[in-house]
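Here is how the chains run, residue by residue.
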There are 2 protein chains.
Amino acid sequence: MKIKVTVMPKPGVLDPQGRAIQQALGSLGFAGVQEVRAGKVLLLDLAETDPAAARATAEAMARQLLANTVIESFSVELV
Amino acid sequence: MKIKVTVMPKPGVLDPQGRAIQQALGSLGFAGVQEVRAGKVLLLDLAETDPAAARATAEAMARQLLANTVIESFSVELV
């Protein structure tokens, strides 16, 4: 069962990577880039076949390892 | 206009970050993790208001800066 975990910096948290990308896009001539937020996406292939169990497992993985929940939020999606 | 650009390693390309996460999940006691692929997600806020133009701009950004198209594929999605 494939699961996508998306991890983003929480609103209000400084995002230096997104800021650097925004400035680089400006340097390349792309005008009108008002904000860039940079996150991670993790595509997990789990042996688990029950959708609810797979989602619960992915959420536990996100809380324990994939996301730093102090500064990042995550979402889990079956794909 | 908000646009999400997702960048993933192409199939067959070695993904050391995904591999490291897979092993770390195993160490934490999560069994049955068959594969992990690690990518980036970039949430762009563009001044452009026309959806087609915003999408075209985001694709140009991805090709020029956000993705290394030799080893990564990208997708663009209006959000």
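Use the structure listed above.
Rules and cut-offs
- Here the residue index of a chain counts from 1 through its sequence in written order.
- For naming, the first written chain is A and the first written ligand is 1, with later ones following in the order written.
- With pLDDT at 70 or above as the cut-off, local features in this predicted model cover only qualifying residues; side-chain atom pairs require 80 or more to be listed or tallied, and sums for whole chains, interfaces and linings still use all residues.
- Calculation of side-chain values draws on the structure's entire complement of heavy atoms; hydrogens and water are dropped beforehand.
- To sort residues, take the accessible area from a 1.4 Å probe on protein chains only and compare it with the maximum for the residue type: under 20% means buried, over 50% means exposed, and anything in between is partly exposed.
- A helix here means a DSSP run of H or I that spans at least four residues, while a strand means a run of E at least two residues long, and both kinds are numbered starting from the N terminus.
- One bridge is not enough; two strands pair if DSSP finds at least two bridges between them.
- The contact definition used throughout considers only heavy atoms, calling two residues in contact when any of these lie within 4.5 Å.
- What sets the superposition is a least-squares fit of C-alpha atoms, and only residues with pLDDT of at least 70 in both copies go into it.
- What counts as an axis is a line fitted to C-alpha atoms, over the stretch in contact for a helix, and the angles between N-to-C directions run from 0 to 180 degrees.
- Note on angle classes: values under 35 degrees are labelled roughly parallel, values over 145 roughly antiparallel, values of 65 to 115 roughly perpendicular, and the remainder oblique.
- Any residue that is not Ala, Val, Leu, Ile, Met, Phe, Trp, Tyr, Cys, Pro, Asp, Glu, Lys or Arg is counted as polar, Gly included; the first ten are nonpolar and the last four charged.
- Here the nonpolar core consists of buried residues drawn from Ala, Val, Leu, Ile, Met, Phe, Trp, Tyr and Cys, with membership extended through side-chain atoms lying within 4.5 Å.

J.: Got a sec to walk through the pairing of strand S2 (residues 33-46) of chain A? Specific residues and values, please.
T.: Taking burial as the measure, the 14 residues of S2 of chain A include 10 buried ones, the bulk of the element. Here S2 of chain A runs beside strand S2 (residues 33-46) of chain B; their pairing, made up of 13 bridges, is antiparallel. Pairing of Leu46 of chain A across the sheet is with Val33 of chain B, part of S2 of chain B.

J.: Quick one: what's the story with the environment of Val7 of chain A, residue by residue and with numbers?
T.: All names here are of chain A. The residue Val7 is located in strand S1 (residues 2-9) in this model. A relative accessible area of 1% places Val7 in the buried class. C-alpha of Val7 to C-alpha of Glu72: the two residues are 65 residues apart in sequence and 6.4 Å apart in space. Ignoring sequence-local partners within four residues, the contact set of Val7 consists of Gly39, Lys40, Leu66, Ala67, Glu72, Ser73 and Phe74.

J.: Run through the relation of the copies chain B and chain A, naming residues and quoting values.
T.: The operation relating the two chain copies consists of a rotation about an axis and a shift along that axis. Relative to chain A, chain B is turned by 180 degrees and slid 0.0 Å along the rotation axis, the superposed coordinates differing by an RMSD of 0.0 Å. This pairing of chains is accounted for by a two-fold axis. In terms of proximity to the rotation axis, the leading residue of chain B is Lys40 of chain B, whose C-alpha is 2.2 Å off the axis.

J.: Kindly report on the packing of helix H1 (residues 16-27) of chain A against helix H2 (residues 51-66) of chain B, identifying the contributing residues and their values.
T.: With their axes 11 Å apart at the nearest point, H1 of chain A and H2 of chain B run at an angle of 105 degrees to one another. When the interaxial angle is binned, H1 of chain A and H2 of chain B end up roughly perpendicular. Contact with H1 of chain A, carried on its side by Ile21, Ala24 and Leu25 of chain A, involves Met61, Leu65 and Leu66 of chain B of H2 of chain B and no other residues of that element. For the contact of H1 of chain A with H2 of chain B, the class distribution of residues is 6 nonpolar, no polar and no charged.

J.: Any details on the nonpolar core? Residues and values, ideally.
T.: Counting residues in each nonpolar core, the largest one holds 20 residues, and the members touching the most others are Val5, Leu44, Met61 and Leu66 of chain A together with Leu25 of chain B. Per-element accounting of this core gives the leading share, 6 residues, to helix H2 (residues 51-66) of chain A. Setting aside residues up to four positions removed in sequence, Leu44 of chain A forms contacts with Met1, Lys2, Ile3, Val5, Ala58, Met61 and Leu66 of chain A together with Leu25, Glu35 and Val36 of chain B. Counting 19 residues, the second-largest nonpolar core is a separate cluster that includes Ile21 and Ala38 of chain A together with Leu46 and Val76 of chain B.

J.: So what about the sheet that holds strand S3 (residues 72-78) of chain B? Which residues, and what values?
T.: With respect to topology, 6 strands assemble into an open sheet ordered S3(A)-S1(A)-S2(A)-S2(B)-S1(B)-S3(B), the strand pairing being antiparallel. Each end of this open sheet is capped by a strand with a single partner; those strands are strand S3 (72-78) of chain A together with S3 of chain B. Sheet twist, expressed as the average angle between the axes of neighbouring strands with direction ignored, equals 25 degrees. In this sheet, S2 of chain A lies alongside S1 of chain A in antiparallel orientation, the contact comprising 6 bridges. Note that in S2 of chain A the partner of Val5 of chain A across the bridge is Leu42 of chain A. The sheet strands contacting helix H1 (residues 16-27) of chain B are S2 of chain A together with S2 of chain B, and the helix crosses S2 of chain B at an angle near 125 degrees.

Scope: geometric values only; no functional claims are made or implied.
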